[in-house]
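# Residue-level structural notes
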Amino acid sequence: MQWIEEPPARHMVFVDLPEPVGRVAAVSFPQAEVATIPRHVHAREVRTFVSVPRIAARVLSASAPALVALARSPLAGVLLRLGGDQRDGPDEATRRRDAFHIAVDVRGRRQGRAAQRRMILRGRDVYGLTAAIARQGALLMLAGRVTRSGVLAPAMAFDPRRFLDGLRPERLVYEVVSD
């Protein structure tokens with residue numbers, strides 16, 4: 001595997017999500033999946049994207065190198081202090097209102113033919129879901145449901161479908177759409 005560093009927002013794509021969301025603009029953005037997915041799936045390339053308003057996507061993509069330079073400069077700390085402390089995330093009322101949609105698109109070859117698959121995940125309160133994911137992982141480990149040890153990607157440590165099904169009480173909904 002070869003790591004290639006690139007600035008956030010270097011790539012812009014449009015993603016079609018189920019209604020009521022529809023088509024959204026998204027820019028490339030570093031996420032943990034870039035490191036974890038190749039640990040358990042042979043992948044030539046893994047990219048993650050985050051949706052942003054269309055005009056912001058265009059501006060971010062055009063100014064990505066300058067933004068990276070700004071983020072690495074002493075001015076970044078000054079701008080963060082001026083913007084206020086955002087480390088705690090949104091308040092509880094906002095988290096309850098906010099919905100998230102995640103599209104996972106996989107393209108490759110199966111039995112010599114081009115194939116693709118898409119998984120759509122939907123839910124509310126991604127911060128609360130993160131806590132539920134950590135709790136479920138800990139409970140499964142305590143119950144002896146992990147048969148491997150060491151540094152593992154989540155899909156290596158737990159059966160992915162069973163893990164996702166265990167998050168239904170958190171109002172996580174997912175569907176797999178084949179080609």
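Report on the accompanying structure. None of the values given here were measured: they were computed from a predicted structure. (Residues numbered from 1 in each chain as written. Predicted model: local features only at pLDDT ≥ 70, side-chain atom pairs only at ≥ 80, totals over all residues. Heavy atoms only, no water.)

Right, let's talk about the overall build of the chain for a bit. When helices and strands are counted, the chain shows seven helices and six strands. Counted from the first residue to the last, the chain has its helices and strands arranged as β-β-α-β-α-α-α-β-β-α-α-α-β. For the chain, the C-alpha atoms occupy an extent of roughly 50 × 45 × 40 Å along the three principal directions. The burial tally for the chain puts 21% of its 179 residues in the buried class. Here the contacts in the chain between residues at least 6 apart in sequence split such that 55% fall between residues at least 24 apart. Of the accessible surface of the chain, which amounts to about 13300 Å², a share of 56% is contributed by carbon and sulfur atoms. Here the chain contributes 28 positively and 18 negatively charged side chains, and the mean placements of these two sets differ by 5 Å. (Helix = DSSP H or I, 4+ residues; strand = E, 2+ residues; numbered from the N terminus. Buried < 20%, exposed > 50% of the residue type's maximum accessible area, 1.4 Å probe, protein only. Contact = heavy atoms within 4.5 Å. Areas by Shrake-Rupley, 256 points an atom, 1.4 Å probe, with all protein chains shown as cover. Lys, Arg positive; Asp, Glu negative; His and termini not counted. Charge placed at Lys NZ, Arg CZ, Asp CG, Glu CD.)

What follows deals with the side chain of Q136. Tracing the sequence through the fold places Q136 in helix α5 (residues 126–142). With residues near it in sequence (within four places) discarded, Q136 still touches R162, F163, G166 and L167.

Turning to a nonpolar patch on the surface, a few remarks are in order. Among the surface-exposed residues, L67, L70, L75, V78 and L82 lie close enough to one another that they form a single nonpolar patch of about 420 Å² accessible area. Elements supplying a minimum of two residues to the nonpolar patch: α2 (54–71) and α3 (75–83). Ranked by the residues each element gives to the nonpolar patch, the list is headed by α3, at three residues. Note on placement: L67 falls in helix α2. (Patch = residues over 30% accessible without salt bridge, like charges linked within 9 Å, V, L, I, M, F, W, Y side chains within 5 Å. Salt bridge = Lys/Arg side-chain N within 4 Å of Asp/Glu carboxyl O.)

The omega angle of the peptide bond from E19 to P20 is 15°, so this bond is cis rather than trans. Although it is not a glycine, A9 sits at a positive phi angle of roughly 70°. Of note, A9 is situated in the segment before β1 (12–17). For R171, which is not glycine, the phi torsion reads 65° and is therefore positive. Mapped onto the elements of the fold, R171 is located in the loop between α7 (160–165) and β6 (173–178). For R171, a relative accessible area of 52% translates into the label exposed.

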